[in-house]
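# Analysis of the macromolecular model
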Number of protein chains: 2
Amino acid sequence: MENFNFYSPTEFVFGKGRAAETGIYVRKYGGTKVLMHYGGGSAVRSGLIDTVRKSLAYAGIAYCELGGVQPNPRDTLVYKGIELCRNEGIDFILAVGGGSVIDSSKAIALGVPYAGDFWDMYSGKPVEKALPVGTVLTIAAAGSEGSGDSVITKEDGMLKRGTGSEHLRPKFSVMDPALTQTLPAYQTACGATDIMAHVFERYFTNTKEVEITDRLCEAVLLTMVRETPRVIADPDNYEARANIMWAGTVAHTNLCGVGREQDWNSHGLEHELSGLYDVAHGAGLAVIMPAWMEFVHNHNVMRFCQMATRVFGCQMNYEDPEATALEGIRCFRSFLKSIGMPINFAELGAKEEDIPTLVEKFGVGDGRTGGFVKLSAADVTEIYKIAAHAAL
Amino acid sequence: MENFNFYSPTEFVFGKGRAAETGIYVRKYGGTKVLMHYGGGSAVRSGLIDTVRKSLAYAGIAYCELGGVQPNPRDTLVYKGIELCRNEGIDFILAVGGGSVIDSSKAIALGVPYAGDFWDMYSGKPVEKALPVGTVLTIAAAGSEGSGDSVITKEDGMLKRGTGSEHLRPKFSVMDPALTQTLPAYQTACGATDIMAHVFERYFTNTKEVEITDRLCEAVLLTMVRETPRVIADPDNYEARANIMWAGTVAHTNLCGVGREQDWNSHGLEHELSGLYDVAHGAGLAVIMPAWMEFVHNHNVMRFCQMATRVFGCQMNYEDPEATALEGIRCFRSFLKSIGMPINFAELGAKEEDIPTLVEKFGVGDGRTGGFVKLSAADVTEIYKIAAHAAL
């Protein structure tokens, strides 16, 4: 096991009806004048925005609002938010929505106290300061409610880039699984895929002897394999929604990743897809991640056998371990298909002829990008090709 | 799943050689004049106390010291510590040791700003304030390094009582698995038993549909079942020590318990044993917990089957589920025996004729104590009797 720090100081406020307590938590964590940031559409229609407004007013907290966050949130709205916060003397950012809204809120939070262009922090500059952020989560997916990460898309060129810092971890996150019951099945499945991907990026490691982290990863994955088909079949299943929502947070506080080298190449490969085609991140991951697994499985066949047997319940083939490894990957892709995810370029709406563009944007150049398996530009091309033609 | 809040704001500083960073973290969390609290013996002999002293001095932090914490830490030393802190103007308590030292430190921390007798908080009064606490952990066991709990023994009558509060959660905990390599096998095994007990107290619940928490519980238990025999066989196995140490923390931050009713009767039953005989808490749990399981297994046979199959790898007997449940309990007791734990009163040094005293001190009176199964005084007597005579 490698040395590590684990620090997850977010207060999670979990359960039915808890959005009405939002104002109490904003106050507890020092907010006096709040920017309420959201997407629009469903959060407004469902009455959630109104519930939060009332809760803020009840707690005596002043606020202004900025809606309109899109999936794959854009830098353009972040600039608008930063300006608004400065003009209004905002001291707390409240995200009401899913990963995109939370990521956009974090970008505004780090941009307000920074004299230069906030994009600097998405180009490698460390975050030194940020306004406090709280969230009211509406989708189980990104894990952004418990992480210090944020991903923003630069509209000019559709460049998708991320940053991470302890300063960006939400002070609190209100998580009501009932709020996710109105999500379309496709979005629910995209979220589930993202959650599983967050675990797999950490599960495939070259670090030996991290049994506790392996088992925690498998705990989340087993939960997702059981609960996801239940919510796809019955969107109103509160219990299954609750299990998925909490699994999504556990998947991304880094509890599943401490003490070990992590991969994250699949996320990088996917960012180019959703950047270029503006598709859902989870859908892109469903296409990329099994393709990545197929490409790298020979790097450590036994680790893929562990996934196959422990997560997907495959029988170990002791005469032909590779067959078990491939069976596990097949099970994963088949699971994704069964919950309605695309599994190849055509189903996603991506084009094989764009692969050179994707590879170039991914930017491995002549170097190799690290993690479980270092990838060259040729390797990346090959993974996109596998993803293009994948079938069950 | 029940509504819950989860808040674990401790910064865990994990890995080889990290005790030398202690001063940095005391400073980070606002300590300027520290009480360094420890047991004595091994922490001094190993040079750890010296390492921490140097680290504090290097960070420019003033400190005074109070050693002498015993296992089952006493109120008498807590009173001494409170007085010392007041006289010296201490603003931060640094625990260097295991659960007993940390619990004693928390008691001092809550006692210093409290005008009355600190024991009030161990008699049901809520904790409203406490000095910040940091820890340098030397034993994987109590989980006190990541919890808001503390248990103290009143010397007059050997009364063992606990308290819990968010104010008592350590600001940081330095965890170097190498520090546990010098522990005698017996103490290592006691610690492992305590860790598993912290999970089982949460695992046996009447709350339905908490798959994610179940799976996280099983992740910790599976890790303990694999790693404990490895450190008993080879005390210098750093990797196994590291897995156990982190599992011990995960077991008790309440990540394994959120969203569900919990039991905790076994801990209560054990506190009377270690209170009366001054035996190690883990050893008492090894005697009590399987006895409790035998007594309550019919309350929910399927839950015990889940333990048997998922944790101990038993084959499910579909014709006779109870046989599987009992086989799981037998596996647990056999595991405890194999790591050197006592499994009955004689091996622990307890006496069957004291059972009425134990039951009286446990204090269920005519009422019933809650959790997974509500217990009457007669039930408690029966559990102690099973524990007295247990055999493989």
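Because the structure is predicted, anything quoted here is derived from the model rather than measured.

### Notes on the overall build of chain A
A count of helices and strands for chain A gives 15 helices and eight strands. For chain A, the C-alpha radius of gyration of 20 Å lies close to 21 Å, the compact-globule estimate for 392 residues. Along the first, second and third principal axes, the C-alpha set of chain A runs to 70 × 45 × 40 Å. Counting across all 392 residues of chain A, residues that qualify as buried make up 58%. Taking as baseline every contact in chain A between residues at least 6 positions apart, the subset at least 24 positions apart corresponds to 78%.

### Re helix 4 (residues 75-88) of chain B
Residues and elements named next belong to chain B. For helix 4, which comprises 14 residues, the first-to-last C-alpha distance of 20 Å matches the rise-based estimate of 20 Å (1.5 Å per residue) to within 8%. Turning to helix 4, its buried residues number three or more, namely Asp-75, Leu-77, Val-78, Gly-81, Ile-82 and Cys-85. All buried residues of helix 4 fall inside an arc of 150 degrees around its axis, so they share one side. Buried-residue contacts for helix 4 involve strand 2 (33-38), strand 3 (62-66), helix 5 (99-111) and strand 6 (149-154). Gly-89 sits one or two residues past helix 4 and shows a positive phi near 65 degrees.

### Looking at the environment of Cys-305 of chain B
Residues and elements named next belong to chain B. Its place among the elements puts Cys-305 in helix 11 (residues 301-311). With 12 residues separating them in the primary sequence, Cys-305 and Asn-317 have C-alpha atoms 8.9 Å apart. Sequence-distant contacts of Cys-305, that is, excluding residues within four places in its chain, are made with Met-316, Pro-321, Thr-324 and Ala-325.

### Considerations on the interface of chain A and chain B
Contacts between chain A and chain B engage 32 residues on the former and 32 residues on the latter. For the side of chain A that touches chain B, the secondary structure elements donating two or more residues are strand 1 (4-14), helix 7 (211-233) and helix 8 (238-250) of chain A. Inspection of the sheet shows strand 1 of chain A paired to strand 1 (residues 4-14) of chain B by seven bridges, in the antiparallel sense. Counterpart to Phe-6 of chain A in the pairing with strand 1 of chain B is Phe-12 of chain B.

### Thoughts on the domain arrangement of chain A
Residues and elements named next belong to chain A. The domains assigned to chain A are domain 1 (11-179) and domain 2 (183-389). Taking only C-alpha atoms, the centre of domain 1 and the centre of domain 2 are 27 Å apart. Taken together, the 19 residues of domain 1 in the interface contact 25 residues of domain 2. Contributing elements (two or more residues each) for the side of domain 1 that touches domain 2: strand 1 and strand 7 (159-164). Classifying every residue of the side of domain 1 that touches domain 2 by side-chain character gives 12 nonpolar, five polar and two charged.

### Some details on the confidence of the model for chain A
Any region with low pLDDT has predicted coordinates that should not be read closely. Averaged over every residue, the pLDDT of chain A is 96; the share at 70 or more is 99%. Scored by ipTM, the complex comes to 0.95, with pTM at 0.96.

### Some words on the relation of the copies chain A and chain B
By a simple turn and slide, chain A fits onto chain B: the slide is 0.0 Å along the axis, the RMSD is 0.0 Å, and the turn is 180 degrees. Here the symmetry operator amounts to a two-fold rotation axis. Considering only C-alpha atoms, the residue of chain A closest to the rotation axis is Pro-9 of chain A, which sits at 1.9 Å. Here 100% of the interface residues in chain A have copies in chain B that are interface residues too; the copies meet face to matching face.

### Details of the environment of Gln-315 of chain A
Tracing the sequence through the fold places Gln-315 of chain A in the loop between helix 11 (301-311) and helix 12 (321-338). Sequence separation between Gln-315 of chain A and Tyr-384 of chain A is 69 residues; the distance between their C-alpha atoms is 30 Å.

### Section: the sheet that holds strand 5 (residues 133-137) of chain A
Strand order in this open sheet of 12 strands is 3(A)-2(A)-4(A)-5(A)-8(A)-1(A)-1(B)-8(B)-5(B)-4(B)-2(B)-3(B), and the pairing throughout is mixed. Lying at the two open borders of the sheet, with one neighbouring strand each, are strand 3 (62-66) of chain A together with strand 3 of chain B. Sheet twist, expressed as the average angle between the axes of neighbouring strands with direction ignored, equals 25 degrees. Inspection of the sheet shows strand 2 of chain B paired to strand 4 (residues 92-97) of chain B by five bridges, in the parallel sense. Bridge assignment links Val-34 of chain B to a residue of strand 4 of chain B, and that residue is Phe-92 of chain B.

### A look at the packing of helix 6 (residues 185-203) of chain A against helix 7 of chain A
All names here are of chain A. Where helix 6 meets helix 7, the axes come as close as 10 Å, and the angle between the chain directions of the two elements is 170 degrees. It follows from the interaxial angle that helix 6 and helix 7 lie roughly antiparallel. Along the contact surface, helix 6 presents Ala-185, Thr-188, Ala-189, Ala-192, Ile-195, Met-196, Val-199, Arg-202 and Tyr-203, while helix 7 presents Cys-217, Val-220, Leu-221, Met-224, Thr-228, Val-231 and Ile-232.

### Some remarks on the environment of Glu-166 of chain B
Residues and elements named next belong to chain B. Structurally, the position occupied by Glu-166 is in the loop between strand 7 (159-164) and strand 8 (172-175). For Glu-166 and Asp-149, which are 17 residues apart along the polypeptide, the C-alpha to C-alpha distance reads 8.6 Å. For Glu-166, the contacting residues outside a window of four places in its chain are Tyr-7 and Gly-148.

### A closer look at helix 3 (residues 48-58) of chain A
All names here are of chain A. Of the residues making up helix 3, those classed as buried are Leu-48, Ile-49, Val-52, Ser-55 and Leu-56. Buried residues along helix 3 cover an arc of 125 degrees about the axis, so they all sit on one side. Opposite the buried face of helix 3, by more than 90 degrees, sit the exposed residues Asp-50 and Ala-57. Taken together, the buried residues of helix 3 touch helix 1 (22-28), strand 2 (33-38), helix 2 (42-45), strand 3, strand 4 (92-97) and strand 5. Directly beyond the C-terminal end of helix 3, a positive phi value near 75 degrees is found at Gly-60.

### Some words on the pairing of strand 2 of chain A
Residues and elements named next belong to chain A. With five of its six residues buried, strand 2 lies for the most part within the structure. The pairing of strand 2 with strand 3 spans five bridges and is classified as parallel. Bridged to His-37 within strand 3 is Leu-66.

### A closer look at unusual backbone geometry
Residues and elements named next belong to chain A. Phi at Met-158 is positive, roughly 50 degrees, even though this residue is not glycine. Tracing the sequence through the fold places Met-158 in the loop between strand 6 (149-154) and strand 7. We note that Trp-264 has phi near 75 degrees; this positive angle belongs to a residue other than glycine. Relative to the helices and strands, Trp-264 resides in the loop between helix 8 and helix 9 (265-277). Judged by the 18 C-beta atoms lying within 10 Å of it, Trp-264 is partly exposed.

What counts and what doesn't
- Residues numbered from 1 in each chain as written.
- Chains lettered and ligands numbered in written order.
- Predicted model: local features only at pLDDT ≥ 70, side-chain atom pairs only at ≥ 80, totals over all residues.
- Helix = DSSP H or I, 4+ residues; strand = E, 2+ residues; numbered from the N terminus.
- Rg over C-alpha atoms; globule rule 2.2 N^0.38 Å.
- Buried ≥ 20, exposed ≤ 12 C-beta atoms within 10 Å, placed from the backbone.
- Contact = placed C-beta atoms within 7 Å.
- Expected span 1.5 Å × (residues − 1).
- Arc of directions from axis to C-beta.
- Pairing = 2+ DSSP bridges.
- Domains from an automatic or database assignment.
- Nonpolar A, V, L, I, M, F, W, Y, C, P; charged D, E, K, R; others polar.
- pLDDT = per-residue confidence, 0-100.
- Least-squares fit on C-alpha atoms with pLDDT ≥ 70 in both.
- Axes fitted to C-alpha atoms, helices over the stretch in contact; angles between N-to-C directions.
- Parallel < 35°, antiparallel > 145°, perpendicular 65-115°, else oblique.

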